[in-house]
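Structural overview
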Amino acid sequence: MAAHLKKRVYEEFSKVVQIPHEEAPAKKLRLSKPSKSAALHIDLCKAGNSTDALQYLLQFARKPVETESVEGVIRILLEHYYKTDNSVRLKIASLLGLLSKTNGFNPDCVVDDVINTLGNEKSHQVLAQLLDTLLVIGTQLPEGAAVRRRLVEVACKLLSDTYFGVRNKCLQLLGCLGMVDAPLGKDSEGPSSSIGGVRDVPNIISNYFADQDPRVRTAALKAMLQLHERGMKIHQIIYEQACRLLSDDYEQVRSAAVQMVWVLSQLYPESIVPIPSSNEEIRLVDDAFGKISHMISDGSWMVRVQAAKTLGSMLQVSPHFLEQTLDKKLMSDLRRKRTAHERAKELFASGEFSSGRKWADDAPKERLDSNTVNLIASGACGAFVHGLEDEMFEVRIAAVEALCQLARSSPSFAEKCLDFLVDMFNDEIEEVRLQSIHVLREISTHITLREDQLDTVLAVLEDSSRDIREALHELLCYTNVSTKECIQLALLDLLKNLNKYPTDRNSVWKCLKFLGSRHPTLVLPLVPELLSTHPYFDTPEPDMDDPAYIAVLVLVFNAAKSCPTMPALFSDHTFRHYAYLRDSLSHLVPPLRLLGRKQVYSLDSVDSGCGSGSVESAKLFLQQSLNRVSTIQNLETPGAQDLLNFTIRDLQRLGELQTELAGAADFCATYLRCQLLLMKALQEKLWNMAVPLCLKQNVTATAAAQQILEETYKLEFLYSGLESRQVATVHHVRLQAKALQLVLTARSRPGMDLLISSCEKFLQEIECFQRMFLTQLPHLQDSFVDKLLELMPRLSSCKPVELVKILQTTLRQSGLLQLRLPEQIHRATATIIEPTGESDNPLRFTSGLVVALDIDATLEHVQDPQDKVKVQVLYPDGQSHVIHPKPADFRKPGPDRHRLITQVYLSHTAWTEPSQVEVRLLLAYSSSPSSPSSTGRAGWSDSIDSLPPAEAAVEGTIPFSKPVKVYIMPKPARR
């Protein structure tokens, strides 16, 4: 007993009390970066000569400088500025300008220092570089009027420098920093003139139009143009100086003078200017037009290009001056005729006898014709003719574009320049021919082609370039012709084109569609000949597989739409062919009212019924369908699934009937399909049974989650016109699919490490969603993500198994998020025109070699097709090749439309018999979520460093065209 008591005493008094150890507060260390200015100072002090100093400065220029260190670095550079030679000072001056551009740095504090260095500098090159630095500083201080005025004073003082580079920089500084609200004066005296303390900058600059150095003259013109761009109205008094500079010996001066004359002609078009050596006066814009027209004969092709481009924008010129550019011979209305009274007065003033006071005053004067006083220089006559015949194709293209701009504003001028544009169709350069076709297309509303002109135009159809031929087809769609012989000539040449280039089939059919609809009265007398009908005898029925016969029918049927008497000339088989083409080529054959034809009438009635259905009623039906679906929370699971199925079917049918709403209907159907898949995956029996008892259902749910993810990527990247609310809804469905994947992973795959990483990644997904769609969260109330954000503190600290249970419960309790449609949604679509997939003749090639397959496809509503569109070739053995077309293979014929014309090279080992390969177009996408926040959670890990990185960008492809099957036959190589 005593031993027992002793033991209890020892137990009571020998307890070990563990006092918690209080950690000493950690000392905070301040990490300071080494000063850039101190390092630069040490390097420059170590430099033994200018070569070493220059090397240190070059190395320093490659390193970034923080904003707070810029001023110190500038002080160090200015301190070493006077200790070095010219090359180092030049580099320091350059660095001062670069440092002044640093974001967040105010260069106002270094203006005085840079200006002071100018007074002591003797090197002209360094002076020019310092002025360039001042220009940079001045442009960085938009509100510093006093600083700008001071910089202008500095530039005016240095304008008398003998070095052209200094004068150039001074003029450039005046053009960029001169006060645009300064008054304009005519009485200023030289560079030092000022009005009320403000420099008359335009007058100072104009004094250097006659500088001895051509580079300074160019800089003066560009400075004046810079003042105009900044809002200063240039005075008309410099017009005469600018015209004199058009004959300068230096190419750059003439180029800048052309631009200056054009600016003045736009500012003072109605001003009256005198004609030299005469008493006549004309409008300034007409005089400028004549002088710039003369520059198309300049010796420099760059000046000729600029002159031609400038002429195209002078739309206020008089018609007779405009028409003179198309005739090399001076027209009579641009000659000033003197009256008989003026000629008699001149004869009387000359005197009959000589006084002997002047040498040879009695010599016979040159007999002046009454037509020698011209209102336009003879060199300017036929300016566009000279431009279209120029040896440089750049000049010819510029002349063609200028003709287009002038012809669009003047129908009479468009008719006169038609022959010249048609002649350009025979140019040796493809780019010139293509541009001429495009220009004629733009002015086609003002012109009507004669038979001889049409003959020249149609000759281009034999061109080997596909772009040229298709551009000409587009031109013929909108061109008016004068006679039925022109229609017949166009049809024959288009059929020859179809025979020679079968790949032009769709383009030729479209051309004949518009040609027939624009000229119904000219097609009418040709119908018996075109359809080979006879008033007494039956003619054989043509073959409907012949593309040429289909082309003729397209022409006739489109003409018959506006000509009700034409169907009386059709034979019986023509009516049957119309019914066939109306179904197969409905975009080329219009609906016709054919009395007494029940079959065709029924087709037309169906078509008219579809057309009469308004888009508004279809929109109403679409909105009602979405509202009906929003009530599925009140239905049992089988009834809700049936409602979703029926709604998806209705929306798909609506998209087929109403092309305007096809994008919106498909978008809604795809979204509801995702909800249907999610509903099936969350069925009651799947989650109330153990995993070994429902393996098949578990696999089905996993496949449904993966399919939902794929559909959400289609919703996000295949449709354009989505607003942020729709994108948030799509990401919400994607987050539900990822939550479902996480729950299924926890149920089917044992292993805590995988589950921990999956949970952490999912929590990062929630944070990413919250940051991306913070403004849309009020529209997501009572949704899946809204409930998760409410439970976010608990989710961050709970165990993975508990998180999975919360996700499972929240998924099953969350309802359907109602979809709100924007104004317009378009689906990206692609239609492969070639190959058609109809040929049974295989492409034969030797195994190991390649065969080229021509691809021609039309793309609709695709953003950046050069980066996103790819071609996939799927072989019968499962191999798949993805080809990225070149950017040059894409054309843009219209808004939201692109054309892909490329070649795909196929190759394979030898086969025993022909087989089919599938060709389709893919749309590539890349979904990169925002980077997660830097605040980590240590709930399941010991440190922040163990958190997994953010999810990488998800890249993939979406098929958005129907596959086309092509027969190929690789045959073994011959030994």
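Residues numbered from 1 in each chain as written. Predicted model: local features only at pLDDT ≥ 70, side-chain atom pairs only at ≥ 80, totals over all residues. Heavy atoms only, no water.

The N-to-C vectors of helix 22 (residues 430-442) and helix 24 (residues 466-477) enclose an angle of 15°; their axes lie 9 Å apart at closest approach. Relative to helix 24, the element helix 22 is oriented roughly parallel. Our pair here, helix 22 against helix 24, has a crossing hand that is left-handed. Contacts between helix 22 and helix 24 pair Glu430, Arg433, Leu434, Ile437, His438, Leu440 and Arg441 from the former with Asp467, Ile468, Ala471, Leu472, Glu474 and Leu475 from the latter. (Axes fitted to C-alpha atoms, helices over the stretch in contact; angles between N-to-C directions. Helix = DSSP H or I, 4+ residues; strand = E, 2+ residues; numbered from the N terminus. Parallel < 35°, antiparallel > 145°, perpendicular 65-115°, else oblique. Left-handed = near helix turned anticlockwise from the far one by under 90°. Contact = heavy atoms within 4.5 Å.)

What follows is about the state of the cysteines. Linking two cysteines covalently via their sulfur atoms produces the bond known as a disulfide. Tallied over the full model, the rule gives zero disulfides. In this model Cys417 remains outside any disulfide bridge; the closest cysteine sulfur is found in Cys404, 8.9 Å from its own. With a relative accessible area of 0%, Cys417 lands in the buried category. (Disulfide = S-S within 2.5 Å. Buried < 20%, exposed > 50% of the residue type's maximum accessible area, 1.4 Å probe, protein only.)

What follows covers the packing of aromatic side chains. A ring pair, where both rings are aromatic, is described by two values, the distance of the centres and the angle of the planes. Overall, the coordinates contain nine aromatic pairs when judged by the stated rule. Ring geometry for Phe667 and Tyr719: centres 5.3 Å apart, planes at 80°, overall edge-to-face. Highlighted residues: Phe667 in helix 34 (residues 662-681) and Tyr719 in strand 9 (residues 719-720), separated in sequence by 52 residues. Ring-pair connections join several aromatic residues into one group, and the members of that group are Phe557, Phe570, Phe575 and Tyr578. It is Lys513 that lies over the ring of Phe514; its NZ or CZ is 5.5 Å from the centre. (Phe/Tyr/Trp six-rings, centres within 6.5 Å; stacked < 30°, edge-to-face > 60°. Lys NZ or Arg CZ within 6 Å of the ring centre and 35° of its normal.)

By the secondary structure assignment, Arg725 is in helix 37 (residues 724-748). Judged by relative accessible area, Arg725 falls into the partly exposed class, the value being 30%. When the C-alpha positions of Arg725 and Leu780 are compared, they lie 9.5 Å apart, and in sequence the two are 55 residues distant. Ignoring any residue separated from it by four or fewer positions in sequence, one finds Arg725 in contact with Gln776, His779 and Arg820.

To locate leftover empty space, one rolls a probe as large as a water molecule over the atoms. For the structure on display, the rule yields four cavities of 30 Å³ or more. Quantified by volume, the second largest cavity comes out at close to 50 Å³. What lines the second largest cavity is simply Leu626, Val629, Ser630, Tyr671, Leu672, Leu816, Leu817, Gln818 and Leu819. Looking at the lining of the second largest cavity, the elements with two or more residues in it are helix 32 (615-629) and helix 34. (1 Å grid on protein atoms, 1.4 Å probe; cavity = no way out; pocket = protein on both sides within 12 Å on 5 of 7 lines; lining within 4 Å. Points joined across faces, edges and corners; volume = space filled by probe spheres on them.)

Let us look at the layout of surface pockets. Approximately 560 Å³ is the volume found for the second largest pocket. Together, 19 residues line the second largest pocket, and Thr637, Met679, Leu682, Arg812 and Ser814 are the ones closest to its centre. Counting only elements with at least two residues in the lining of the second largest pocket, the list comes to helix 33 (637-657), helix 34 and helix 41 (800-813). Residue composition of the lining of the second largest pocket, grouped by class: eight nonpolar, eight polar and three charged. (Nonpolar A, V, L, I, M, F, W, Y, C, P; charged D, E, K, R; others polar.)

Following the criterion strictly, the structure yields 31 salt bridges and no others. Here Glu323 makes a salt bridge to Lys416, at a shortest N to O gap of 3.7 Å. One end of the pair, Glu323, is in helix 16 (residues 319-324); the other, Lys416, is in helix 20 (residues 411-416), with 93 residues separating them in the sequence. The residue Arg408 makes a salt bridge to Glu442 at a minimum N-O spacing of 3.1 Å. Of the two residues, Arg408 sits in helix 19 (residues 393-409) while Glu442 sits in helix 22, which places them 34 residues apart along the sequence. Several salt bridges share partner residues, and in doing so they unite Arg466, Glu470, Asp856 and Arg899 into one network. (Salt bridge = Lys/Arg side-chain N within 4 Å of Asp/Glu carboxyl O.)

Attention now goes to the environment of Leu588. By the element assignment, Leu588 lies in the loop between helix 30 (572-584) and helix 31 (598-612). When the C-alpha atoms of Leu588 and Phe514 are compared, they prove to be 9.3 Å apart, with 74 residues separating the residues in sequence.

Our focus in this paragraph is the side chain of Thr902. Here Thr902 shows up in strand 17 (residues 897-906). Overall, Thr902 belongs to the buried group, its relative accessible area being 11%. Non-local contacts of Thr902, meaning those with residues more than four positions away in its chain, are made with Leu853, Asp854, Ile855, Pro885 and Asp889.

Further remarks concern the confidence of the model for the protein chain. Counting all residues, the mean pLDDT for the protein chain is 78, and 80% of those residues have values of 70 or more. Residue range residues 26-34 is modelled with pLDDT below 50. Its contacts to residues more than four positions away, or to other chains, number one contact. In this model residues 331-337 is a low-confidence stretch, pLDDT under 50, and it forms 23 contacts with partners more than four residues away in sequence or in other chains. (pLDDT = per-residue confidence, 0-100.)

Here Thr117 lies in helix 6 (residues 111-120). Sequence spacing of Thr117 and Leu127 is ten residues, and the spatial spacing of their C-alpha atoms is 9.0 Å.

Looking now at helix 9 (residues 164-177). Taking 1.5 Å of rise per residue, 14 residues should cover 20 Å, and helix 9 covers 20 Å from first to last C-alpha, within 8% of that figure. For helix 9, the complete set of buried residues consists of Gly165, Val166, Arg167, Asn168, Cys170, Leu171, Leu173, Leu174, Gly175, Cys176 and Leu177. Looking at the buried side of helix 9, the elements it contacts are helix 7 (124-140), helix 8 (145-157), helix 10 (201-206) and helix 11 (214-229). (Expected span 1.5 Å × (residues − 1).)

Bringing unusual backbone geometry into the picture now. Residue Pro835 is bonded to the preceding Glu834 through a cis peptide linkage, with omega at 0°. Assignment of secondary structure puts Pro835 in the loop between strand 11 (829-834) and strand 12 (843-846). The phi torsion at Ser532 lies on the positive side, around 55°, for a residue other than glycine. Turning to its location among the elements, Ser532 is positioned in the loop between helix 28 (527-531) and helix 29 (547-560). Taking relative accessible area as the criterion, Ser532 reaches 45% and is therefore assigned partly exposed. Despite not being glycine, His861 shows a phi value in the positive range, around 55°. Looking at the element boundaries, His861 is found in the loop between strand 13 (851-860) and helix 42 (865-868).

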